[in-house]
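# Residue-level structural notes
The chain contents come next:
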Amino acid sequence: MSDALAAEAWAVYEAADCLYDDAAVRGAVARLAGQVTATLTGRNPLLLCPMTGGVVLAGHLLPLLDFPLEFDYVHATRYAGALSGGELAWKVIPSAALAGRHVLIVDDVLDRGITLAALVAFCRQQGASGVHTLVLIDKQCRREAPIEADFVGLQAPDRYLFGWGMDYKGYLRNAPGIYAVAGSVADT
């Protein structure tokens, strides 16, 4: 990425609206961990992290889950650094066998639902005995796929979001909270 894009990202960050500070996000993650623990303890789950957005959430969630689980990742994206989603591109499929497993998909945001629905369908096609979905943010927008998450951390308006794994043109995944680009209305 260019220095100009990094400067643009910095300017976006400085002007952004903070929807949830870091403490609020961490509180939501702790609550999610309790819900997941109550649901999946004893089921030998496979936690599946969609890259790259889900990695920050998964990294914070994993140490809070005090039961045996397996971790793997998948890389399917509609964004590839763009501000709006396009066709779903499969880059990496999980290496762990999904057949007969309870799978928990841990992702950053549920917006139009296309990617999450495709991931759920993939897990079911691979023979998962149960598929659960967890998202940090449930964006209040029109779904293009009929899906809702089983576990939701926080809700946000239909704006372009970044922080805690969500990016702005490849930057700002590391922002310590959930931010909305100033004046934005998302086009995902």
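Definitions and cut-offs
All residue numbers refer to positions counted from 1 along the written sequence of the respective chain. At least 70 in pLDDT is required for a residue's local features to be given in this predicted model, at least 80 for side-chain atom pairs to be given and counted, and no such filter applies to totals for whole chains, interfaces and linings, which use all residues. Computation of side-chain values: all heavy atoms of the structure, hydrogens and water removed. Secondary structure elements follow DSSP: runs of H or I of four or more residues count as helices, runs of E of two or more count as strands, with numbering from the N terminus. Residues are treated as being in contact if the distance between any of their heavy atoms lies within 4.5 Å. To be clear on the numbers: accessible area is Shrake-Rupley with a 1.4 Å probe, and residue cover counts the displayed protein chains and nothing else. Neither His nor the chain ends contribute to the count of charged residues, in which Lys and Arg are positive and Asp and Glu negative. Lysine's charge is taken at NZ, arginine's at CZ, aspartate's at CG and glutamate's at CD. DSSP bridges decide pairing: two strands pair if at least two such bridges lie between them. Only the contacting stretch of a helix is used when fitting its axis, a line to C-alpha atoms as for every element, and angles between N-to-C directions run 0 to 180 degrees.

## Considering the overall build of the protein chain
A tally of regular secondary structure across the protein chain gives four helices and nine strands. In the protein chain, the succession of α and β elements from N to C terminus is α-β-α-β-α-β-β-β-α-β-β-β-β. The C-alpha extent of the protein chain, read off along each of the three principal axes, is 45 × 35 × 30 Å. Counting only contacts in the protein chain whose residues sit at least 6 apart along the sequence, the fraction spanning at least 24 positions is 69%. Element-wise, carbon and sulfur atoms account for 54% of the exposed surface of the protein chain, whose accessible area totals about 8400 Å². Positive and negative side-chain charges of the protein chain, numbering 14 and 20 respectively, have mean locations separated by a distance of 4 Å.

## Side note on the sheet that holds strand β4 (residues 89-92)
Strand order in the open sheet formed by six strands is β4-β3-β2-β5-β6-β7, and the pairing between neighbours is mixed. Every other strand in the sheet has two partners, leaving β4 and β7 (151-157) as the edge strands with one partner each. Strand-to-strand twist of the sheet, defined as the mean angle between neighbouring strand axes without regard to direction, takes the value 25°. Alignment of strand β2 (residues 46-50) against strand β5 (residues 102-110), held across three bridges, turns out to be parallel. Across the sheet, residue leucine 46 finds its bridge partner in β5, namely valine 103. Contacts between helix α2 (residues 22-40) and the sheet are confined to β5, β6 (130-140) and β7, with β7 contributing the most and set at about 145° to the helix.

## Some words on the sheet that holds strand β1 (residues 17-21)
The three strands lie next to each other as β1-β9-β8, forming an open sheet whose pairing is antiparallel. Sheet topology places β1 and β8 (161-162) at the edges, where each strand pairs with a single neighbour. Where β8 and strand β9 (residues 177-180) come together, two bridges link them in antiparallel fashion. The partner of leucine 161 across the bridge, within β9, is alanine 180. Its contacts with the sheet put α2 on β1 and β9, and the angle it makes with β1 is roughly 40°.

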